[in-house]
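Breakdown of the fold
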Amino acid sequence: MNPAIQVLRVTGADMLPWLEHVARLRIAVFRDFPYLYDGDMAYEREYLQALSQAAGGVLVLALDESGAPVGASTGMPLVESETAIREPFQQAGLAEAPIFYCGESVLLPAYRGRGLGHRFFDEREEHARSLPGVRTNAFASVVRAADDPRCPADYHSNHAFWKGRGYREHSQLRATLAWKEVGATVQSDHALSFWLRELDTSE
């Protein structure tokens, strides 16, 4: 990893000075495939405010040499997550309390390939292990058809990366979230599939 990149983990009110930066990063990065999200600052502020108020929430930042955020990742206990994320686990009869939910990892293209993706997971997994009773990490990925015509020719999914970190897809756990896609005039529903990993609390 480039030594000029600083990784900072913050919780609670210490997140507040960073939330506008993270909102802009999310909008910029999620505009690309597979999310194709046409960002909404009002939603971003609400979403990130809820993160900062979650008792077990965490924000991990990647800062360039000037101290400006170039990447971020988030997480919070599943029990503190939004209803749409919790419902698939409830419907499957899975206990929520032992699960930590990792939200997004967003990183500007110029800073990819430097190990920051692994560092984001390392930091969130370490935070999750510090929370009483948490034994499992989970995150959701958007589901797109293999032949989606909007998929760029040079696109590579993160499946191999996630599997390499010990995560396994549980395709029977599906959430539905609505957002407005780039070029659309209204919101539409999108399916997300969950990936889980049991945490070794002795690490």
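Just so you know, these numbers come straight off a predicted model, no measurement behind them.

Right, let's get into helix α2 (residues 41-53). With 13 residues, α2 should cover 18 Å at 1.5 Å per step; its first-to-last C-alpha distance of 18 Å lies within 8% of that length. Here α2 has its buried residues at E44, Y47, L48, L51 and S52. Taken around the axis of α2, the buried residues stretch over an arc of 140°, which confines them to a single face. For α2, the exposed residues lying more than 90 degrees away from the buried face are A42, E46 and Q53. Taken together, the buried residues of α2 touch α1 (19-29), β2 (58-63), β3 (69-77) and β4 (99-107). A distance of 2.9 Å separates the backbone nitrogen of A42 from a side-chain oxygen at the start of α2, and that oxygen is part of D40.

Attention now moves to the pairing of β4. For β4, a buried count of seven out of nine residues is recorded, marking the element as mostly surrounded by other parts of the structure. Bridging between β3 and β4 involves six bridges; their strand directions are antiparallel. When the sheet's bridge partners are listed, G75 is paired in β4 with C102. Relative to strand β5 (residues 136-142), β4 runs parallel, the two being bridged by four bridges. Paired with F100 across the two strands is N137, which belongs to β5. In terms of handedness, the path from β4 via helix α4 (residues 116-129) over to β5 forms a crossover that is right-handed.

One pass over the full model with this rule turns up 13 aromatic pairs. Ring plane angle 20° and centroid distance 6.0 Å describe the contact between Y43 and Y47, whose orientation is recorded as stacked. Placement of the pair is Y43 and Y47 together in helix α2, with a separation of four residues, close to one helical turn. Judged by its relative accessible area of 35%, Y43 falls in the partly exposed class.

Here the residue pair F33 and P34 is connected by a cis peptide bond, since its omega of 15° sits within 30 degrees of zero. Inspection of the secondary structure puts P34 in the loop between α1 and α2. For L36, which is not a glycine, the phi torsion comes out positive at approximately 55°. Relative to the assigned elements, L36 resides in the loop between α1 and α2.

Counting buried positions over the nine residues of β3 gives nine, a clear majority of the element. Hairpin connection from β2 to β3: five residues lie between these consecutive antiparallel strands, with G67 at a positive phi of about 90°.

The seven strands lie next to each other as β1-β2-β3-β4-β5-β7-β6, forming an open sheet whose pairing is mixed. Since the sheet does not close on itself, it has two edges, and those belong to β1 (6-10) and β6 (168-179), each with one partner. Adjacent strand axes in the sheet meet at a mean angle of 25°, parallel and antiparallel pairs treated alike. Of the strands in this sheet, β2, β3 and β4 touch α2, which is tilted by about 60° from β3. Running over the sheet, helix α3 (residues 83-91) touches β4, β5, β6 and β7 (188-198) and is turned about 145° from β6.

This part takes up the environment of H21. Mapped onto the fold, H21 is located in helix α1. Considered as a pair, H21 and P69 are 48 residues apart in the sequence and their alpha carbons are 6.7 Å apart.

Our focus in this paragraph is α3. Burial in α3 covers these residues: I85, P88 and F89. Looking down the long axis of α3, one finds its buried residues gathered within 95° of arc, a one-sided arrangement. In α3, those exposed residues whose orientation departs by more than 90 degrees from the buried face are T83 and Q91. Note on α3: the residue one or two positions beyond its end, G93, has a positive phi of about 75°.

About the cut-offs
Residues numbered from 1 in each chain as written. Predicted model: local features only at pLDDT ≥ 70, side-chain atom pairs only at ≥ 80, totals over all residues. Heavy atoms only, no water. Helix = DSSP H or I, 4+ residues; strand = E, 2+ residues; numbered from the N terminus. Expected span 1.5 Å × (residues − 1). Buried < 20%, exposed > 50% of the residue type's maximum accessible area, 1.4 Å probe, protein only. Arc of directions from axis to C-beta. Contact = heavy atoms within 4.5 Å. Polar contact = N/O pair within 3.5 Å; in protein donor to acceptor, adjacent residues only side chain to side chain. Pairing = 2+ DSSP bridges. Right-handed = clockwise from strand over helix to strand, strands pointing away. Phe/Tyr/Trp six-rings, centres within 6.5 Å; stacked < 30°, edge-to-face > 60°. Axes fitted to C-alpha atoms, helices over the stretch in contact; angles between N-to-C directions.

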